[in-house]
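Fold and geometry: a report
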Amino acid sequence: MDGDRMSRALTRIAHEILERNRGLDEIALVGIRTRGVPLARRLARTLHDINGDDVPTGALDITLYRDDLMRHAVGPQPVVRRTEIPFSIDDRKILLVDDVLYTGRTIRAALDALIDFGRPRAIQLIVLVDRGHRELPIKADYVGKNLPTSLKQSIQVRLQEIDGADEVILEEGA
Amino acid sequence: MSTTEATATLTSRHLLGIAGLEAGEITLILDTAVAMKEIGRRAIKKVPTLRGRTVVNLFFEPSTRTRTSFEIAEKRLSADTLSIATATSSVTKGESLIDTVRNLEAMAPDMIVMRHASSGAAHLLARTCRSAIINAGDGMHEHPTQALLDAFTIREHKGRLAGLKVAIVGDLLHSRVLRSNVLLLNTMGAEVWACGPATLMPAGFDRFGVRATTSVAEAVEGADVVMMLRIQHERMHGHFIPSVREYFSLFGLTRDRMRRAAPDAIVMHPGPMNRGVEIDSEVADGPCSVILEQVANGVAVRMAVLYLLSGRADEGVLDEH
């Protein structure tokens, strides 16, 4: 997936959001750190270009909610980054944004984290790439691209804001 | 979860002091605390991170701020906590401490937070003990989480630590806050001035990496941060100062003395404050004062320390078997 296709996928998702939600007044975008955050910002920009509405956008760090955090007896801890949700999520529709949907464990953690901020009316999930292999009953509402993979392969999403280029790369594992 | 992720760790599995921490480790703790501070602003001020972990707070010296702060930090991370306050000074040093800890160890806590009147008590515990030890103040030696929360507060206001002039004024001899702060600020590249009566200045103080002076005016001149230390009546078993009134007139921080500091200088105090002894109420409650922010930041910094050490808490147990 190159930059052009990525931007078309995001534009399509923006149109789907408008189609499914009839207006944007109750909607907010929350990106999961790291790469969900710039994706959420891009969607907010695209929605603004189409509709003129400003959609509140936040960033969520799920590290402290991970289910594998204290399972390793020894070793370094994942770096905790800032969560910034500068609006109330109560009674809003929250669009959760991540780059890759894989086992579903990140999303499980994100759902737990969001509930600690309030009681949203609904939560919908947006992912750029769905690579399959779910380990939890979780499904995306908006998908940029379905990319069937084997467990040995790895998916790298690179974004201009973080990595200097827009691309999705499928790598063969060892 | 994501395949490429940043991880970080502290070299030691205990936090016994600032001594031994590198600049990168201090920055890691402060950066983690930034994320932790946000949790305190949420509707539900709790994350599930330390579920099933047990933390024992063992306080052999009176403490309100530090103990409460650790307890709140532990609860916000969902740890099971237990606080033991043994406010007695008649305990003999090594024997009773080791006995107490052996009993606690039988209940397999993951971390022990300890305050003790004897310098080096936390180090002793770290050698005897399987749990991760966090020093919450040992005698006149170190109080690392206080220095970390001070640094966090300074960084929030000044955006940096390097290159700042920090004046620390008061009872230099008995202060573990001073020692930890000097070690931390030196490591991070700040310029530290220490000021107090000659009777309360440790011997060989100039080798400690500070500029020592008995003149408050000189210490405060152009300072970005003015940190006041408490006159520790309980540790003074001699005549160090002629009278409280004379001390205030020579070393107390007044609005007049603060005029010499940088225009945007902040005033700090680790608490508990002796109003009218080391600090005038007008300054303590004035616009430059960040004293209550220090208390609020203490929780975030202690959450960061607990989180970073918890990844290593089982190492000792593994060694045993």
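Keep in mind that what you see is a predicted model, and the values were worked out from it rather than measured. Along each chain, the written sequence defines residue order, and numbers are assigned to residues from 1. The order in which chains are written sets their letters, starting at A; the order in which ligands are written sets their numbers, starting at 1. Owing to the predicted nature of the model, reporting of local features is limited to residues with pLDDT of at least 70; listing and counting of side-chain atom pairs is limited to 80 or more, with chain, interface and lining totals taken over all residues. The side-chain values count all of the structure's non-hydrogen atoms but skip hydrogen atoms and water molecules.

In terms of helices and strands, chain B carries twelve helices and ten strands. Throughout, the radius of gyration refers to the C-alpha atoms, and the reference size of a globule is 2.2 Å times the residue count to the power 0.38. Here the C-alpha atoms of chain B give a radius of gyration of 20 Å, agreeing with the 20 Å that 2.2 N^0.38 yields for 321 residues. The dimensions of chain B, computed from C-alpha atoms along their principal axes, are 60 × 50 × 35 Å. Only protein chains enter the area calculation, which uses a 1.4 Å probe; residues under 20% of their type maximum are buried, those over 50% are exposed, and those in between are partly exposed. Residues classed as buried in chain B amount to 55% of the 321 residues present. The helix count covers DSSP runs of H or I at least four residues long, the strand count covers runs of E at least two residues long, and both are numbered beginning at the N terminus.

As a further point, take the overall build of chain A. The secondary structure content of chain A amounts to four helices and eight strands. Its helices and strands taken in sequence order, chain A reads α-β-α-β-β-β-α-β-β-β-α-β from the N to the C terminus. Radius of gyration (C-alpha) of chain A: 16 Å, near the 16 Å computed for a compact globule of 174 residues. Its C-alpha atoms put chain A at 50 × 35 × 30 Å along the principal axes. The burial tally for chain A puts 52% of its 174 residues in the buried class. Whether two residues touch is decided by their heavy atoms; if any such pair falls within 4.5 Å, the residues are in contact. Within chain A, contacts between residues separated by at least 24 positions form 68% of all contacts whose residues are at least 6 apart in sequence. Only the protein chains shown count as cover for residues, with accessible areas throughout obtained via the Shrake-Rupley method and a probe of 1.4 Å. Counting every atom, chain A has about 8200 Å² of accessible surface; 45% of that belongs to carbon and sulfur. Within chain A, one finds 26 positive and 28 negative side-chain charges whose respective centroids are separated by 3 Å. Lys and Arg are tallied as positive, Asp and Glu as negative. Neither His nor the chain termini are counted. By convention, the point assigned to a charge is CZ for Arg, NZ for Lys, CD for Glu and CG for Asp.

Before going further, it helps to spend a moment on empty space enclosed by the protein. A 1.4 Å probe that fits into a set of points on a 1 Å grid over the protein atoms alone but cannot get out defines a cavity; an open set with protein on both sides within 12 Å along at least five of seven lines defines a pocket, and lining residues are those with an atom within 4 Å of a point. Grid points are joined across faces, edges and corners, and a volume is the space filled by probe spheres set on the points. Using the criterion set out here, one finds one cavity of 30 Å³ or more in the structure. Within this model, the largest cavity holds a volume of roughly 60 Å³. Asp-61, Leu-64, Val-80 and Thr-83 of chain A together with Arg-42 of chain B are the residues nearest the centre of the largest cavity, which is lined by 13 residues in total. Lys, Arg, Asp and Glu make up the charged group, whereas Ala, Val, Leu, Ile, Met, Phe, Trp, Tyr, Cys and Pro make up the nonpolar group; the residues left over, Gly among them, are polar. Residues of the lining of the largest cavity, tallied by class, amount to seven nonpolar, two polar and four charged.

All right, on to the confidence of the model for chain B then. A low pLDDT score tells you not to read the predicted coordinates there in detail. Of all residues in chain B, 92% have pLDDT values of 70 or greater, and the mean over the chain is 89. On the interface metric, ipTM, the complex scores 0.87, and its pTM is 0.91. Confidence scores per residue from the predictor, reported as pLDDT, run from 0 to 100.

Residues Leu-60 and Leu-96 of chain A together with Met-36, Ile-134, Leu-148, Ile-154 and Leu-184 of chain B are the most contacted members of the largest nonpolar core, which totals 91 residues. In this view, Ile-134 of chain B contacts Leu-15, Phe-70, Met-111, Ile-112, Val-113, Met-114, Thr-145, Val-305, Leu-306 and Leu-309 of chain B; residues no more than four positions away in its chain are not counted. Buried Ala, Val, Leu, Ile, Met, Phe, Trp, Tyr and Cys residues form a nonpolar core when they are joined through side-chain atoms within 4.5 Å. Formed by 27 residues, the second largest nonpolar core is a distinct cluster that contains Ile-27, Leu-43, Leu-47 and Leu-95 of chain A.

Further remarks concern the sheet that holds strand β8 (residues 211-213) of chain B. Residues and elements named next belong to chain B. Ordered in space as β8-β7-β6-β9-β10, the five strands form an open sheet in which the pairing is parallel. What marks the edges here is a single partner per strand, and that holds for β8 and β10 (266-268). Averaged over all pairs of adjacent strands, the angle between strand axes in this sheet comes to 20°, irrespective of strand direction. Examined bridge by bridge, strand β7 (residues 191-195) and β8 share three bridges and lie parallel to one another. Bridge assignment links Trp-193 to a residue of β8, and that residue is Arg-211. Axes here refer to lines fitted to C-alpha atoms; in helices the fit is confined to the stretch in contact. Angles between the N-to-C directions go from 0 to 180 degrees. In the packing of helix α5 (residues 144-158) onto the sheet, contacts are made with β9 (225-228) and β10, and the angle to β10 comes to roughly 170°. Seen against the sheet, helix α6 (residues 176-187) touches β6 (165-169), β7 and β9 and runs at an angle of roughly 170° to β6. The criterion for strand pairing is that DSSP finds at least two bridges linking the strands in question.

This part covers the layout of surface pockets. Residues and elements named next belong to chain B. In this model, the second largest pocket occupies a volume close to 600 Å³. Surrounding the second largest pocket, 26 residues form its lining, Arg-115, Arg-176, Arg-230, Glu-234 and Arg-235 being those nearest its centre. Of all elements in the fold, only α2 (65-76) and α6 reach the threshold of two or more residues within the lining of the second largest pocket.

This part takes up unusual backbone geometry. With an omega of 10°, the peptide bond running from Arg-33 of chain A to Thr-34 of chain A counts as cis. Structurally, the position occupied by Thr-34 of chain A is in the loop between β1 (27-32) and α2 (36-51). Each neighbour pair has its own omega, and for Gly-271 of chain B with Pro-272 of chain B the value is -10°, a cis peptide bond. Position of Pro-272 of chain B among the secondary structure elements: in the loop between β10 and α10 (281-284). One non-glycine residue, Asp-91 of chain A, lies in the positive phi region at around 60°.

Right, let's get into the pairing of strand β4 (residues 111-116) of chain B. All names here are of chain B. Along β4, six of the six residues are buried, which leaves the element largely enclosed by surrounding structure. As paired strands, strand β2 (residues 54-59) and β4 are joined by five bridges and run parallel to one another. Considered in β4, the bridge of Leu-58 is made with Met-114.

Attention now goes to the pattern of salt bridges. Residues and elements named next belong to chain A. Salt bridge, as used here: a side-chain nitrogen of Lys or Arg that lies within 4 Å of a carboxyl oxygen of Asp or Glu. A complete count under the given rule lists 24 salt bridges over all chains for this structure. Of the charged contacts in the structure, one is a salt bridge between Arg-8 and Asp-4, with a shortest N-O distance of 3.2 Å. You can see Arg-8 and its partner Asp-4 sitting in helix α1 (residues 3-21), four residues apart, about one turn around the helix. Looking at Asp-4, the relative accessible area reads 49%, which means it is partly exposed. What emerges from the salt-bridge pattern is a single network uniting Arg-42, Glu-161 and Asp-166.

Right, let's talk about the packing of α1 of chain A against α2 of chain A for a bit. Residues and elements named next belong to chain A. With their axes 9 Å apart at the nearest point, α1 and α2 run at an angle of 60° to one another. α2 is crossed by α1, and the crossing has right-handed handedness. Contacts between α1 and α2 pair Met-6, Leu-10, Thr-11, Ile-13, Ala-14, His-15, Ile-17 and Leu-18 from the former with Leu-39, Arg-42, Leu-43, Thr-46, Leu-47, Ile-50 and Asn-51 from the latter. Its residues assigned to classes, the contact of α1 with α2 shows ten nonpolar, four polar and one charged. Crossing handedness follows the turn of the near helix against the far one: under a right angle anticlockwise gives a left-handed crossing, and clockwise gives a right-handed one.

Further remarks concern helix α1 (residues 23-39) of chain B. All names here are of chain B. Here a helix's expected span is defined as the number of its residues, less one, multiplied by 1.5 Å. In this model α1 runs 25 Å from its N-terminal to its C-terminal C-alpha over 17 residues, within 8% of the 24 Å that 1.5 Å per residue would give. Taken as a whole, α1 has its buried residues at Glu-25, Ile-26, Leu-28, Ile-29, Leu-30, Thr-32, Ala-33, Ala-35, Met-36, Glu-38 and Ile-39. On its buried face, α1 sits against β1 (7-8), α5, α6 and α11 (291-310).

A few words now on the side chain of Glu-38 of chain B. Looking at the secondary structure, you find Glu-38 of chain B in helix α1. With sequence-adjacent residues up to four places away left out, Glu-38 of chain B is seen in contact with Thr-83 and Phe-117 of chain A.

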